[in-house]
Structures are given as C-alpha cells and as structure tokens.
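Here's the letter readout for the chains.
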Amino acid sequence: MTTAASADLWVRSYHPAPDARRRLVCFPHAGGSASFYFPVSAALSQVADVIALQYPGRQDRHTEKGIETIGEMADRIAEALRGHTTLPLTFFGHSMGAVLAFEVARRLEKAGQAPVHVFASGRRAPSRFRPENVHQRDDEGIIAEMRKLSGTDPRVLGDEEVLRMVLPAIRSDYTAIETYRAEAGAQIGSPITVLVGDDDPRTTLDEARAWEPHTLGSFDMKVFSGGHFYLTDHAPDVIGILKEHLTS
C-alpha cells in the first residue's frame, strides 16, 4: 500500500490549480527530472492542474537508488497517482517517459482510472525494439550519449561533481528503457497522439507511426523539425497542442 508520504516523493506540483477541471501528468525522459516540465506547468496552470513526476536518484531524491525496470517504475508511479485521479487525467511523456506513460495508463485502466488521452513524444512504439547498450558503457560513454542527444542542461555536463552524482540514476534509466520489452499485443483504450522530430536518431517516423495499433481509441501523429529534443525548440507549439486538448 502506498502512503501519502511515499506518493508525494513521486509528484511535483509547481503551480497548484485547485479550481482546475483537468490534470496533466508529465513523465520525464531518461536522466530527466520533474523540473524539466516547470515551463509547461507555468504555461498551462490556468487551464489544468499540472503535475510532474520525480523519479528516484535525482534532485531532491538523489540519495535513493534508481529503478532498473520499466515494469517496477510503472507500478510505483501508478500507485503514486491513485490519489490524483479525482480529475480527468492526460498523460504527456517524452522518450522513456512516453513508454512509462503508456505502461502506467495500462495499469490505471485495469483499475478503472484510465487517462483520457496519452501524448507520446520522441519515442518509438512499444512494439518496436532496437538493441541498445548505453547502460553497459562506462561513465564517459553515457556522458557522450547525453551530449549527442542534447537533452541535458549544459551546466550539469560541465559540473563534474553534479555529473558524478546523477550518473547512477541515468544509468538506471537507460537500463530500464533499453531492457524493456512490451507485452505482446499491449494496448490501451485511451487515444494516443504521437509527437516526433523528423531527424530523431532514436525514432524514425515509421517507428513513431507504429504506436497506432497500441490504442483502441483515436490516433494522431504530429511531426516537427529537429532531433530527439525537438520539443525544446518547439515548446510554444507543443504547449499549444496540449492547451487545445485541455480546453476542448
């Protein structure tokens, strides 16, 4: 049983919206933290209660050991969100966060608490597997991958002490996502919208389109210029898409 205190470890609310009629749950990427979504929360706090998830091993949870399987992380997040299902939920996940959003949606659906919509960003469909080994590299190899994807604050990459502190959590995240295998035929009832960069080295347009069979609801796909972190360059557009959904 998840206590309120343990659930609070997972959930960050930067701009509480007690009068909101919708709730947006944001799932960070591998190596990412809840604060990545601070600008999203600020931009959408007038139309939704925005909460962001904080995985173990980073920021204020830096003393905790990271979780090395998507299944366990999804189980823990689903439990943590039980107390946040009083409003219709919309999920937005980027990269590893997209897979977690999908798996948490599956778990909440079984409990009769399915999200009304899942936005999957910068990640190939759960059924599309690629052999990857970033989690098996040495520290320098992981840092090189982070630099290549351009999703980590340059101040972190330039601060040796901070970098060494967060590397175990980043390795855990890569272990979780690179060893993930979707259950055969895994689907959710919630509609899915996929967002992807047209030059993403981690997700081709075909791999992004392969999300469609994973929903029994409607499917949409939006393509942006850019790579894996296209959303930093297209933040106003992405926020606009979410705002349109949340106010519809």
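Residues numbered from 1 in each chain as written. Predicted model: local features only at pLDDT ≥ 70, side-chain atom pairs only at ≥ 80, totals over all residues. Heavy atoms only, no water.

1. Comments concerning the nonpolar core
Here is the rule we go by: To define a nonpolar core, start from buried Ala, Val, Leu, Ile, Met, Phe, Trp, Tyr and Cys residues and group those joined through side-chain atoms within 4.5 Å. Classification of residues uses two cut-offs on accessible area relative to the type maximum, computed with a 1.4 Å probe and protein chains only: under 20% is buried, over 50% is exposed, and between them is partly exposed. Runs of E in the DSSP output that reach at least two residues are strands. Runs of H or I that reach at least four are helices, and both are numbered from the N terminus. Residue contacts are defined here by distance: any two heavy atoms, one from each residue, within 4.5 Å place the two residues in contact.
Counting residues in hydrophobic clusters, the biggest one holds 42 residues, and the most contacted among them are F27, Y55, I77, L81, F91, L100 and V104. Ranked by the residues each element gives to this core, the list is headed by helix α4 (residues 96-110), at 9 residues. When neighbours within four sequence positions are excluded, I77 is seen to be in contact with W10, F27, L53, Y55, L100 and V104. Formed by 21 residues, the second largest nonpolar core is a distinct cluster that contains A52, F119, L195 and V238.

2. Examining α4
Owing to its 3.6 residues per turn, the α-helix brings residues three or four apart onto one side. Put simply, the rule reads: In this scheme, a helix's expected span is set at 1.5 Å multiplied by one less than its residue total.
In this model, α4 (15 residues) spans 22 Å end to end at C-alpha, consistent with the 21 Å of a helix rising 1.5 Å per residue. Of all 15 residues in α4, 12 are buried; the element is thus mostly enclosed. Within α4, the full set of buried residues consists of M96, G97, A98, V99, L100, A101, F102, E103, V104, A105, R106 and L108. Positioned one or two residues after α4, G112 has a phi angle of 75 degrees, which is positive.

3. Here we look at the confidence of the model for the protein chain
Low-confidence regions, as indicated by low pLDDT, have predicted coordinates that should not be scrutinised in detail. Threshold: A residue's pLDDT is the predictor's confidence in that residue, given on a scale from 0 to 100.
On average, the protein chain scores 88 in pLDDT, and the residues at 70 or more come to 87%. Counting interchain partners and residues more than four positions distant, the pLDDT-below-50 stretch residues 1-5 has 2 contacts. Confidence drops under pLDDT 50 across residues 154-159; counting only partners more than four residues distant or on other chains, this segment forms 8 contacts.

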